[in-house]
Amino acid sequence: MNETAFSPANILLPHDCGLTKWAVVACDQYTSQPEYWQRVDEYVGDAPSTLRLILPESKLESDNVEEEIEKINHTMEAYLEEGRLKEIENAMLLLERKLDSGKTRLGLIGKLDLEQYSYEKGSGTPIRATEGTVLSRIPPRMKVRKNAPIELPHIMVLIDDPDKKIIEPLLSKESKKQMQMIYSATLMERGGRVSGWLLSKEQAEKVCQQLTALGDPDRFAQFYHAEGKPVLTYAMGDGNHSLATAKACWEELKATLSPEEQETHPARYALVELVNLHDDSLEFEPIHRVLFGVDPKKLLADFLAAYPGAHYGEGEGHQITYVLPGEKGVITVPNPTAQLEVGTLQTFLDRYLEENGGKIDYIHGEDVVEQLASQPDSIGFLLPGMGKDQLFPTVIFDGALPRKTFSMGEAHDKRFYLEARKIK
């Protein structure tokens with residue numbers, strides 16, 4: 001096992017093209033708003049763009065998905081052959097992202113060793129899922145990655161560095177003098193602005209040493225009062241299913257490789273952005289739910305019946321807000337067994353959808369929930385957010401949270417695809 005799971009990577013960057021049209025937001029955003037992706041498509045036009053290298057998740061179940069994937073792979077090959085992507089070897093990048101809100105988020109781009117990661121329930125690996133992984137969501141995503149020559153990450157992984165000793169000092173003028181700025185671009189659709197800086201070899205080595213120290217078992221046990229618990233250094237922030245897909249593809253490929261080949265094969269790793277949980281710009285936003293193709297009155301009646309003593313109106317216990325056309329109300333579930341409101345609600349919704357049919361979507365922003373819930377046969381649920389400080393201790397002691405518990409910021413603040421890496 002490496003000293004640290006995160007290390008420099010051979011990073012592909014766009015060459016000789018407009019970065020504003022090149023970079024598009026994570027494919028798992030705006031899944032119920034096809035007009036967003038239509039607008040982006042019209043704006044990009046024929047320009048080189050990562051829009052032609054990714055499959056928006058709203059298209060994952062479309063009838064012509066195989067054709068779409070084939071087209072994406074051909075475009076990847078074409079961009080490589082045309083020299084549209086230039087490789088920087090053994091690189092670690094500092095990302096400085098000026099968000100639409102005016103805040104700045106910092107991140108480090110490098111690769112994670114998938115051998116030190118597991119999305120299995122109850123896993124004790126240094127890299128861990130923070131929420132339940134839906135196994136049925138992996139095979140469709142594997143189709144996208146399986147034959148792709150390159151990967152583009154929308155994965156954000158968190159470290160717990162409250163003293164801000166690892167990433168934040170790189171922003172200082174003194175540190176920047178040792179770096180080279182390699183791109184700076186305005187991002188479309190309220191994405192703000194992003195700049196990428198190439199760390200010097202010495203700076204990258206120091207980061208790796210600091211991350212190794214962060215994962216020291218003695219320090220871990222003392223810091224979290226977690227004697228005997230397996231060390232958690234890297235917690236998934238965004239892109240949980242994307243990293244799980246990379247892992248599943250690697251396990252499939254690994255079985256065909258010799259031990260020597262396994263050590264160095266590029267598919268053993270995944271390109272990610274590393275962010276400090278305590279970054280000032282990082283805000284945990286709740287992820288709300290909207291259900292389509294359901295009978296809202298029956299659903300609410302079944303929700304009340306599912307939990308003893310559940311009632312309309314506020315009270316002691318978990319309070320969950322529902323949204324209907326022209327109506328908003330609260331259901332209280334007393335004496336909940338789940339730690340968080342999202343656990344109480346999701347447990348019921350999973351069972352309800354299995355028995356009655358319907359479709360669920362996970363939504364950022366109360367205004368979008370109210371808009372979508374105004375459609376016939378639809379209902380929305382608004383959930384409270386969780387505190388950042390709860391994340392690492394909860395995962396260490398209780399395991400993964402219910403899926404889609406939190407989101408790091410608004411949809412337009414998510415990672416934009418800009419960098420890539422060869423995986424073949």
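To be clear, the structure that these remarks concern was listed above.
*Asks:* For the sheet that holds strand E16 (residues 288-292), give the residues involved together with the corresponding values.
*Replies:* Strand pairing in a sheet takes place through backbone hydrogen bonds and is either antiparallel or parallel in direction. Sheet architecture is open: six strands sit in the order E17-E19-E18-E21-E16-E20, paired in antiparallel fashion. Taken across any chain shown, the strands that pair with only one partner, and hence form the sheet edges, are strand E17 (311-312) and strand E20 (359-363). Taken together, the four bridges between E16 and strand E21 (residues 378-382) define a ladder with antiparallel strand orientation. Bridge pairing in E21 places leucine 291 opposite isoleucine 379.

*Asks:* Describe in detail the packing of helix H10 (residues 296-306) against helix H11 (residues 341-356), supporting the description with residues and values.
*Replies:* Remark: H10 packs on H11, axes separated minimally by 11 Å, with the N-to-C direction vectors making an angle of 125°. Here H11 runs oblique to H10, going by the angle between their axes. Here H10 and H11 pass one another in a crossing that is right-handed. Of H11, the residues touching H10 (which contributes Lys298, Leu299, Asp302, Phe303 and Ala306) are Leu345, Phe348, Arg351, Tyr352 and Asn356.

*Asks:* Now, about the side chain of serine 123: what can you tell me, with residues and values included?
*Replies:* With respect to the helices and strands, serine 123 occurs in the loop between strand E7 (117-118) and strand E8 (127-128). At 3.5 Å, the side chain of serine 123 and the backbone oxygen of serine 118 are in polar contact. Among residues more than four places away in sequence, those in contact with serine 123 are Ser118 and Arg128.

*Asks:* How would you summarise the nonpolar core if you had to cite specific residues and measurements?
*Replies:* For soluble globular proteins, nonpolar side chains are generally found buried alongside one another. Counting 47 residues, the largest nonpolar core has Ile11, Trp22, Ile150 and Tyr183 as its most contacted members. A per-element tally of this core places helix H3 (residues 65-81) first, with five residues. Once residues lying within four places of it in the same chain are set aside, the contact partners of tyrosine 183 are Leu13, Leu19, Leu93, Leu95, Val194, Ser195, Gly196, Leu418 and Glu419. Membership of the second largest hydrophobic core comes to 46 residues, among which are Val275, Val333, Tyr362 and Leu391.

*Asks:* Outline H11, listing residues and values.
*Replies:* Spanning 16 residues, H11 covers 22 Å between terminal C-alpha atoms, matching the ideal 22 Å at 1.5 Å per step. Buried within H11 we find Val342, Gly343, Thr344, Leu345, Gln346, Phe348, Leu349, Tyr352 and Leu353. The inward-facing, buried residues of H11 abut E16, H10, strand E18 (318-324), strand E19 (327-333), E20 and E21. One or two steps after H11, the chain reaches glycine 357, where phi turns positive at roughly 80°.

*Asks:* So what about the side chain of threonine 245? Which residues, and what values?
*Replies:* Considering the arrangement of structural elements, one finds threonine 245 in helix H8 (residues 240-254). For threonine 245, a relative accessible area of 3% translates into the label buried. When near neighbours in sequence (up to four residues on either side) are disregarded, threonine 245 contacts Ile138, Arg141, Met142 and Arg145.

*Asks:* How would you sum up the pattern of salt bridges? Please name residues and give values.
*Replies:* Tallied over the entire structure, the rule returns 24 salt bridges. Between arginine 137 and glutamate 57 there is a salt bridge, and its shortest N-O distance comes to 3.3 Å. Taken together, the positions of arginine 137 in the loop between E8 and helix H4 (138-146) and glutamate 57 in the loop between helix H2 (34-44) and H3 put the pair 80 residues apart, joining distant regions of the chain. Residue glutamate 174 is joined to lysine 177 by a salt bridge in which the shortest nitrogen-to-oxygen separation is 3.8 Å. Taken together, the positions of glutamate 174 and lysine 177, both in helix H5 (residues 173-177) and three residues apart, correspond to about one turn of that helix. Across this residue pair, the class does not change: glutamate 174 and lysine 177 are exposed. Shared partners join several salt bridges into a network, and the residues in it are Glu115, Lys247, Glu251 and Lys254.

*Asks:* Tell me about H2, and please be specific about residues and values.
*Replies:* Buried within H2 we find Tyr36, Trp37, Val40 and Val44. Seen along its axis, H2 keeps its buried residues to an arc of 90°; they face one direction. Opposite the packed face of H2, turned more than 90 degrees from it, sit the exposed residues Pro34 and Glu42. Buried residues in H2 make contact with helix H1 (19-22) and strand E3 (24-25).

*Asks:* Got a sec to walk through unusual backbone geometry? Specific residues and values, please.
*Replies:* Here the phi dihedral of asparagine 335 falls at roughly 50°; this positive angle occurs in a residue that is not glycine. When you line up the elements, asparagine 335 lands in the loop between E19 and H11. By relative accessible area, which is 73% here, asparagine 335 ends up exposed. With phi around 55°, aspartate 377 is a residue other than glycine that occupies positive phi space. Summarising the element assignment, aspartate 377 is placed in the loop between helix H12 (366-372) and E21.

Conventions used here
- Within each chain, residues carry numbers counting from 1 in the order of the written sequence.
- Reporting of local features is limited, given that this is a predicted model, to residues whose pLDDT is at least 70; pairs of side-chain atoms are given and counted only at 80 or more, and all residues count toward the totals for whole chains, interfaces and linings.
- Excluding hydrogens and water, the side-chain figures rest on all heavy atoms present in the structure.
- What makes two strands pair is DSSP finding at least two bridges between them.
- Under the scheme used here, helices are H or I runs from DSSP no shorter than 4 residues and strands are E runs no shorter than 2 residues, and both carry numbers assigned from the N terminus.
- Each axis is a line fitted through C-alpha atoms, and for a helix only the stretch in contact is used; angles between axes span 0 to 180 degrees, taken between their N-to-C directions.
- Angular relationships are summarised with four words: roughly parallel below 35 degrees, roughly antiparallel beyond 145, roughly perpendicular across 65 to 115, and oblique for the angles in between.
- The hand of a helix crossing depends on one turn: near helix anticlockwise from the far one by less than a right angle means left-handed, and clockwise means right-handed.
- Note on definitions: a residue-residue contact is assigned when non-hydrogen atoms from the two residues lie within 4.5 Å.
- Polar contacts, as counted here, are pairs of nitrogen or oxygen atoms within 3.5 Å of one another; within protein the pair requires one atom able to donate a hydrogen and one able to accept it, and residues that are adjacent in sequence qualify only if both atoms are side-chain atoms.
- Nonpolar core, defined: a set of buried Ala, Val, Leu, Ile, Met, Phe, Trp, Tyr and Cys residues in which side-chain atoms within 4.5 Å join the residues together.
- Each residue is assigned to one of three classes by its accessible area relative to the maximum for its type, calculated with a 1.4 Å probe on protein chains only: buried under 20%, partly exposed between the two thresholds, exposed over 50%.
- To estimate how far a helix should extend, the number of its residues minus one is multiplied by 1.5 Å.
- What counts as a salt bridge is simple: a side-chain nitrogen of Lys or Arg found within 4 Å of a carboxyl oxygen of Asp or Glu.
- This arc is taken over the directions from the axis of the helix to the C-beta atoms.

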